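What follows is each chain in one-letter form.
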Amino acid sequence: MKILVTGGAGYIGSHTCVELLDAGYDIVVIDNFSNSDMAAIDGVKQITGKDIPFYQADLRDMAALDQIFTDHRIDCIIHFAGKKAVGESVAMPVEYYDNNLNSTLNLCKAMEKYDVTKLIFSSSATVYRGDNPMPLTEDAALGPINPYGWSKFMCEQILQDAAAANGWSVVLLRYFNPVGAHTSGIIGENPRGIPNNLIPFIAQTACGTHRELNIFGDDYDTPDGTGVRDYIHVVDLALGHIKAMDYCNKNTGCAVFNLGTGKGVSVLEMVETFKRVNQVDVPYAIAPRRPGDSATSYADPAKAEQILGFRAAKSVEDMCRDSWGFNRR
Ligand code: NAD
Ligand code: WQD
């Protein structure tokens, strides 16, 4: 089976390429390197010992898509490509909607043209409204609060409608907080500029790149007052895509699954675990709450477990150790 992996040079895409190749799938990768570079592709080749057909192209370029679908008989698409920085999406909404929606629409057009019937989409827990009871089930109320989140919401709707009209099999995966890196330390999360996300900032603070971590709020209604999230190891997340592909092969229609662990971890717990397992210092200061943040977000992972047979296996210790294994190089 041949899979087109869009955004395969990115953080989650590159880890999924490794698991797909290890599971015996053929893959073709497209990425425009807007948030990545060739190092991740080289890393995947190094880890797996396999070559990868790679196209450096933008999904908004239909001629480039025609080339790929003419060169390869694609059976399934895993669509990771997209812009993902929440703050940037508020500052540049048109760029975000253009990139994330038109990429998805072009893939749908290519699916219709080249008779591809299966697609797995990278959605996000950010599509859920902030006032749902925890844990979040897939039928919790939706309501994003920034253009990035709305772009995911809109892509979900487009794909659901296209699946219904065309008899496709579409799986929408709502990721919670992906962290960690491949245990080899060869690939991992490599954000450009100052990281927005917690774990990359912790790792860079441990390296000495930043003087201290700002903990955004210690007065939330949580056990220690800091924000609680559902962190999932990126290799577990990658394996979730293999399960989703098995599901896609046996079902039609559009299905949605949370990919998380179901366990909430606070910012302070994460910092203390990182320090303990890696024997490093992570200086921190308590700062004001970050606008738009909720106190608590974690998944109900039961649907993915029951229907996909997916269960995250790696611990918070594994996440912290593997993140450091990549960042300390
Ligand atoms: P990433 O930025 O590391 O990877 C995305 C890749 O897509 C990058 O390599 C980028 O160069 C490429 N890309 C972007 N626009 C493109 C275009 N128009 N044409 C071709 N390539 C393009 O991000 P990631 O963390 O690996 O996230 C992958 C997907 O998962 C994204 O859709 C993201 O929104 C979603 N997601 C991520 C998280 C997270 O916290 N990392 C959480 C939930 C959902
Ligand atoms: C986690 C916790 C912060 C940085 C974001 C996106 C979401 C999804 C995943 C794509 C929160 C605290 C953080 C720091 C801190 N991405 N924090 N100091 O906000 O849950 O989700 O990434 O879909 O859409 O919004 O993740 O890692 O930014 O924050 O105290 O320097 O860490 O307040 O409680 P978040 P995060």
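Reading the values: rules and limits
- Residues numbered from 1 in each chain as written.
- Chains lettered and ligands numbered in written order.
- Predicted model: local features only at pLDDT ≥ 70, side-chain atom pairs only at ≥ 80, totals over all residues.
- Heavy atoms only, no water.
- Phe/Tyr/Trp six-rings, centres within 6.5 Å; stacked < 30°, edge-to-face > 60°.
- Helix = DSSP H or I, 4+ residues; strand = E, 2+ residues; numbered from the N terminus.
- Buried < 20%, exposed > 50% of the residue type's maximum accessible area, 1.4 Å probe, protein only.
- Lys NZ or Arg CZ within 6 Å of the ring centre and 35° of its normal.
- Pairing = 2+ DSSP bridges.
- Axes fitted to C-alpha atoms, helices over the stretch in contact; angles between N-to-C directions.
- Contact = heavy atoms within 4.5 Å.
- Near = heavy atom within 4 Å.
- Polar contact = N/O pair within 3.5 Å; in protein donor to acceptor, adjacent residues only side chain to side chain.
- Areas by Shrake-Rupley, 256 points an atom, 1.4 Å probe, with all protein chains shown as cover.
- Right-handed = clockwise from strand over helix to strand, strands pointing away.
- Nonpolar A, V, L, I, M, F, W, Y, C, P; charged D, E, K, R; others polar.

Peer 1: Can you walk me through the packing of aromatic side chains in this structure?
Peer 2: The geometry of two aromatic rings is summed up by the distance between their centres and the angle between their planes. Inspection of the entire model under this criterion finds six aromatic pairs. Measuring from centroid to centroid gives 5.0 Å for Trp-150 and Phe-153, while their planes differ by 75 degrees, and the two rings are edge-to-face. With a gap of three residues between them, Trp-150 and Phe-153 both fall in helix H6 (residues 147-166), about one helical turn apart. Both rings, one in Phe-274 and one in Trp-324, keep their centres 5.9 Å apart while their planes meet at 75 degrees; by these two values the pair is edge-to-face. Of the two residues, Phe-274 is situated in helix H9 (residues 267-278) and Trp-324 in helix H11 (residues 316-327); the sequence distance between them amounts to 50 residues. Exposure class is identical for Phe-274 and Trp-324. Each is buried. Here the guanidinium or amino end of Arg-289 rests over the ring plane of Tyr-220, the centre of that ring lying 4.0 Å away. Of note, Lys-303 hangs over the ring of Phe-257, and the distance from its end group to the ring centre comes to 4.9 Å.

Peer 1: Just checking my understanding: could you explain the sheet that holds strand E4 (residues 76-79) for this structure?
Peer 2: Backbone-to-backbone hydrogen bonds join strands into a sheet, with any given pair of strands oriented parallel or antiparallel. The strand order across the open sheet built from seven strands is E3-E2-E1-E4-E5-E6-E11, with neighbouring strands paired in parallel fashion. Of all strands in the sheet, those bounded by a partner on one side alone are strand E3 (54-56) and strand E11 (253-259). Mean inter-strand twist for the sheet, computed between neighbouring axes without regard to direction, equals 15 degrees. Two strands pair when backbone bridges link them, and strand E1 (residues 2-6) and E4 are joined in this way by four bridges, in the parallel orientation. In the sheet register, Val-5 faces E4, and the bridge partner there is Ile-78. Sitting on the sheet, helix H1 (residues 11-22) is in contact with E1, strand E2 (26-31), E4 and strand E6 (169-175), with an inclination near 165 degrees to E2.

Peer 1: Looking at this model, I keep getting lost on the site of ligand 2. Mind explaining?
Peer 2: Taken together, 18 residues form the shell around ligand 2, and within it Ser-124, Tyr-148, Asn-214, Arg-229 and Asp-293 come nearest. Here Asn-177 contributes a side-chain N or O atom positioned 3.0 Å from an oxygen atom of ligand 2. Asn-214 has a polar backbone atom sitting 2.7 Å from a nitrogen atom of ligand 2. Look at ligand 2: alone it shows 680 Å² of surface, and the protein chains cover 86% of it.

Peer 1: Just to check I follow, could you spell out the pairing of E1 for this structure?
Peer 2: Residues in a regular strand project their side chains so that they alternate between the two faces of the sheet. Along E1, four of the five residues are buried, which leaves the element largely enclosed by surrounding structure. Viewed along the sheet, the connection from E1 through H1 into E2 turns out right-handed.

Peer 1: Honestly, the site of ligand 1 in this entry has me stumped. Any pointers?
Peer 2: Surrounding ligand 1, one finds 28 residues, the nearest of these being Asp-31, Asn-35, Ser-36, Phe-80 and Tyr-148. Note that a nitrogen atom of ligand 1 is positioned 3.0 Å from one of the backbone N or O atoms of Leu-59. One of the side-chain N or O atoms of Asn-99 is found 2.8 Å from a nitrogen atom in ligand 1. Here ligand 1, which alone exposes 820 Å², has 95% of that area covered by the protein. For the shell around ligand 1, a count of residues per class yields 12 nonpolar, 12 polar and four charged.

Peer 1: Please explain the sheet that holds strand E14 (residues 296-297) as it appears in this structure.
Peer 2: Strand order in the open sheet formed by three strands is E12-E9-E14, and the pairing between neighbours is mixed. On the outer flanks of this sheet lie strand E12 (265-266) and E14, each paired with one strand and no other. Sheet topology note: the strand E9 (residues 228-229)/E12 ladder contains two bridges and is antiparallel. Bridge assignment links Val-228 to a residue of E12, and that residue is Ser-266.

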